[in-house]
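Breakdown of the fold
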Amino acid sequence: MSCDFPVPRPATEDQKKQVMNNVVFDQTLIAGINRYDNLKDFLLKYGDTIISYRDSRNYVVEVESANKMDTVLQKQDCYNFFLGNRSYDITNVPNFLRTQLDSIYHQIGDSNIKSFEVCKDGKINIEAKSEDRQNGLFISHNLMWNTKMQKDYAYSDNKDTLLNRNCIYRIGMTEDHGH
């Protein structure tokens, strides 16, 4: 007996191109960019503190050398936060920042934010929304500060527009077929 799970067929190059040609920058998101300013400012102010905290608590990797096992903290250049997973939850910050971050996050509203990322180099990325398209294609709408307009290799395709306050609005497409 086989366990077959329905997975979308891979998108053709024409379908991918059509999706990217048809996806548009969300004018409501652009008009409401001010709602993200408090989170961006908070992350710029406390980013180093949050990263140090996460570096000190990040999962441990076992390393074997000279027949001796050792453990090391796994530090990352960027940390992602979203609701629903304790390791990535917005409460995974120092205690003195939790209430303020929770308040800022919920002022934006759960339907207006999927996740956010803070990086050691000062880059801030807020994923405002995502869309499922046919054939396993997914579109994400991101607001980014302290980064460059360039090909983002996290996506199979992306397009950008520069907004005020040095914010880049990036639409990225990924493909997932569950295997």
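Just above sits the structure.
Just so it is clear, the model here is predicted, and its values are computed rather than measured.

About the thresholds
- Residues numbered from 1 in each chain as written.
- Predicted model: local features only at pLDDT ≥ 70, side-chain atom pairs only at ≥ 80, totals over all residues.
- Heavy atoms only, no water.
- Disulfide = S-S within 2.5 Å.
- Helix = DSSP H or I, 4+ residues; strand = E, 2+ residues; numbered from the N terminus.
- Buried < 20%, exposed > 50% of the residue type's maximum accessible area, 1.4 Å probe, protein only.
- Axes fitted to C-alpha atoms, helices over the stretch in contact; angles between N-to-C directions.
- Left-handed = near helix turned anticlockwise from the far one by under 90°.
- Contact = heavy atoms within 4.5 Å.
- Nonpolar A, V, L, I, M, F, W, Y, C, P; charged D, E, K, R; others polar.
- Pairing = 2+ DSSP bridges.
- Phe/Tyr/Trp six-rings, centres within 6.5 Å; stacked < 30°, edge-to-face > 60°.
- Lys NZ or Arg CZ within 6 Å of the ring centre and 35° of its normal.
- Core = buried A, V, L, I, M, F, W, Y, C linked by side-chain atoms within 4.5 Å.
- Salt bridge = Lys/Arg side-chain N within 4 Å of Asp/Glu carboxyl O.

Attention now moves to the state of the cysteines. Under the counting rule described, the total for this entry stands at 1 disulfide. Between the sulfur atoms of cysteine 78 and its disulfide mate cysteine 119 the distance is 2.1 Å. Because the sign of the S-S torsion sets the handedness, a value of about 110° for the bond joining cysteine 78 and cysteine 119 places this disulfide among the right-handed ones. With cysteine 78 in strand β3 (residues 78-81) and cysteine 119 in strand β4 (residues 115-119), the pair connects residues that are 41 residues apart, well separated along the chain. For cysteine 119, a relative accessible area of 3% translates into the label buried.

To continue, consider the packing of helix α3 (residues 37-57) against helix α4 (residues 95-108). To describe two helices that pack against each other, one gives the angle between their axes and the distance between the axes. Between α3 and α4, whose axes approach to 11 Å, the crossing angle comes to 145°. Judged by the sense of rotation from one axis to the other, the crossing of α3 with α4 is left-handed. Mapping the contact onto sequence places Asn38, Leu39, Phe42, Tyr46, Thr49, Ile50 and Tyr53 in α3 and Phe96, Leu97, Arg98, Gln100, Leu101, Ile104, Gln107 and Ile108 in α4. Taken together, the residues of the contact of α3 with α4 break down into 10 nonpolar, 4 polar and 1 charged.

Time to look at the sheet that holds strand β7 (residues 157-163). The strands that make up a sheet pair up through hydrogen bonds in the backbone, lying either parallel or antiparallel. Strand order in the open sheet formed by 6 strands is β3-β4-β5-β6-β8-β7, and the pairing between neighbours is antiparallel. Two strands bound the open sheet, and with one partner strand each, they are β3 and β7. Along the sheet, successive strands turn relative to each other by an average axial angle of 20°, direction set aside. With respect to the sheet, α3 is in contact with β3, β4, β5 (124-132) and β6 (137-145), its orientation differing from that of β4 by roughly 70°.

Scanning the model with the defined rule gives 5 aromatic pairs in all. Both rings, one in phenylalanine 42 and one in tyrosine 46, keep their centres 5.1 Å apart while their planes meet at 50°; by these two values the pair is tilted. In this pair, phenylalanine 42 and tyrosine 46 both sit in helix α3, 4 residues apart, roughly one turn of the helix. On the basis of relative accessibility, which here comes to 17%, the residue tyrosine 46 falls in the buried class. Each member of the aromatic cluster is reached from another via a ring pair, and the members are Phe42, Tyr46 and Phe96. Arginine 54 extends its terminal NZ or CZ atom over the ring of phenylalanine 81, reaching a point 4.8 Å from the ring centre.

With that settled, consider the nonpolar core. Among the nonpolar cores identified, the biggest contains 37 residues, and Leu39, Ile50, Phe116 and Leu143 are the most heavily contacted of them. Secondary-structure elements contributing two or more residues to this core are α1 (13-22), α3, β3, α4, β4, β5, β6 and β8 (167-175). Here this core takes 6 residues from α3, the largest share from any one element.

Taken as a whole and judged by the stated rule, the model has 6 salt bridges. Between lysine 129 and aspartate 26 there is a salt bridge, with the nearest N and O atoms lying 2.7 Å from each other. Here aspartate 26 lies in the loop between α1 and α2 (27-31) and lysine 129 lies in strand β5, a separation of 103 residues in the sequence. Judged by its relative accessible area of 26%, lysine 129 is partly exposed. Residue classification places aspartate 26 among the buried residues on the basis of a relative accessible area of 18%.

Time to look at the pairing of β8. Judged by how many residues are buried, β8 sits mostly within the fold: 7 of 9 residues are covered. The pairing of β6 with β8 spans 9 bridges and is antiparallel. In the strand pairing of β8, asparagine 142 is matched with arginine 170.

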